[in-house]
Amino acid sequence: MDPNRLVGKNILITGAARGMGAANAEAFAAQGANVCLGDLDEDEAGKLATKINASAGGRAIAVKVDVTKREDNKSAVAATVDAFGSINVGVFNAGMNKPRFFMDIDEENWDMIMNVNTKAMWLGMQETARQMIAQGPMEGQPYKLINVGSIASRKPLVDVTVYCTSKYGCLALTHCGAIGLAEHGITVNGYAPGVVVTPLWEQLDKDLVEIGFKDREGQAYDDIVRDALQIKRVSYPKDIIGTASFLASGDSDYMTGQMIHIDGGWCIQ
Ligand SMILES: NC(=O)c1ccc[n+]([C@@H]2O[C@H](COP(=O)([O-])OP(=O)(O)OC[C@H]3O[C@@H](n4cnc5c(N)ncnc54)[C@H](O)[C@@H]3O)[C@@H](O)[C@H]2O)c1
């Protein structure tokens with residue numbers, strides 16, 4: 001890892017207490033970025049900030065954020081600016097899943113998933129962009145918004161219909177944001193994982209058995225690797241950090257409106 005690749009980047013990342021958000025935050029800081037870790041789980045985010053601050057690289061702070069609330073997004077942006085002087089990258093990673101077959105979806109399931117995965121992304125993008133616009137253009141470099149999509153941003157997966165709807169929404173926010181924010185020197189890109197072993201997927205694996213979609217825990221992993229992936233293994237957060245770092249770095253300055261799949265080839269199946 002180039003320890004200077006992200007020097008000068010002040011990055012807000014939501015859902016950073018664990019899983020891919022935590023791995024990305026550590027990788028960003030190891031490459032010189034200052035990171036604000038926003039999460040509902042303030043304790044775990046705080047522990048990670050302490051770990052990052054004890055390591056070489058950029059600095060970290062942790063803030064308690066419920067991404068579904070506009071005021072929390074606003075205060076996370078303000079905390080980033082207070083700590084580091086400005087914000088130049090926002091990573092909208094917080095997300096959740098709760099599978100239901102189509103006819104079993106109810107309003108509670110719909111609202112919960114759509115609020116965390118889609119509405120919160122819009123709020124985070126808007127509040128971060130508002131600050132970036134107020135800061136004024138950066139010479140020769142765009143500000144960057146990075147949205148976390150999914151294989152479910154492009155594939156209809158019937159056992160997780162609402163999750164798909166929410167993640168297709170993330171793709172739409174990436175496309176519309178890229179157009180709507182270009183005049184302010186802000187690019188909007190994203191990445192779309194497939195199966196990443198994190199607490200989210202471990203819970204999903206159990207829930208798929210509970211709704212009767214799979215017979216045993218671990219079967220979903222086995223079936224997807226066999227039937228859908230070209231690279232015959234599931235992935236881990238370390239498989240994601242390279243692409244996330246690229247999108248946060250100057251190497252992606254001429255890109256906008258793109259959602260890069262990091263899914264072992266699932267999306268071409
Ligand atoms: N794990 C996968 O296979 C996979 C695949 C494709 C996309 N994704 C997406 O990647 C992102 C990260 O997923 P992960 O697997 O690392 O999940 P995870 O469950 O391991 O971590 C998610 C983090 O988001 C936080 N969070 C949840 N709701 C929040 C809220 N309202 N406000 C603030 N923080 C909140 C949680 O506390 C947690 O720390 C999500 O957007 C997810 O949909 C995951």
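Quick notes on the rules
- Residues numbered from 1 in each chain as written.
- Predicted model: local features only at pLDDT ≥ 70, side-chain atom pairs only at ≥ 80, totals over all residues.
- Helix = DSSP H or I, 4+ residues; strand = E, 2+ residues; numbered from the N terminus.
- Rg over C-alpha atoms; globule rule 2.2 N^0.38 Å.
- Buried ≥ 20, exposed ≤ 12 C-beta atoms within 10 Å, placed from the backbone.
- Contact = placed C-beta atoms within 7 Å.
- Near = placed C-beta within 6 Å.
- Pairing = 2+ DSSP bridges.
- Right-handed = clockwise from strand over helix to strand, strands pointing away.
- Core = buried A, V, L, I, M, F, W, Y, C linked by C-beta atoms within 7 Å.

**Q** Help me understand the overall build of the chain in this model?
**A** Helix and strand counts for the chain come out as eight helices and seven strands. Computed over the C-alpha atoms, the radius of gyration of the chain is 18 Å, within 12% of the 18 Å expected from 2.2 N^0.38 for a compact globule of 269 residues. Along the three orthogonal principal directions, the C-alpha set of the chain runs to about 55 × 35 × 35 Å. A total of 269 residues make up the chain; the buried ones form 48% of that total. Sequence-distant contacts in the chain: of pairs separated by 6 or more residues, those separated by 24 or more amount to 74%.

**Q** Sorry if this is basic, but what is going on with the site of the ligand here?
**A** Lining the immediate environment of the ligand, one finds 28 residues, of which G15, G19, G95, T198 and L200 sit closest. Among the secondary structure elements, those contributing two or more residues to the shell around the ligand are α1 (19-30) and α6 (199-210).

**Q** Before we go on, may I ask you to explain the pairing of strand β3 (residues 60-64) in this structure?
**A** Strand residues, when the strand is regular, have side chains that alternate between the two faces of the sheet. In terms of burial, β3 is a largely internal element, four of the five residues being buried. By the bridge criterion, five bridges tie strand β2 (residues 34-39) to β3 in an arrangement that is parallel. Paired with D39 across the two strands is K64, which belongs to β3. What joins β2 to β3 is helix α2 (residues 42-53), and the crossover it makes is right-handed.

**Q** What exactly am I supposed to notice about the nonpolar core here?
**A** Across soluble globular proteins, nonpolar side chains show a tendency to be buried alongside one another. I11, A25, F28, V35, L37, L48 and A248 are the most contacted members of the largest nonpolar core, which totals 70 residues. Contacts of A248, omitting those with residues within four sequence positions, involve L6, K9, I11, F28, A33, V89, K144 and I146.

**Q** It is not clear to me how the environment of A22 should be interpreted in this structure. Could you clarify?
**A** Position of A22 relative to the elements: it lies in helix α1. What makes A22 buried here is the crowd of 24 C-beta atoms within 10 Å. The sequence separation of A22 and V35 amounts to 13 residues, and the corresponding C-alpha distance is 11 Å. If we ignore the near neighbours within four places in the chain, the residues touching A22 are A16, A17 and L48.

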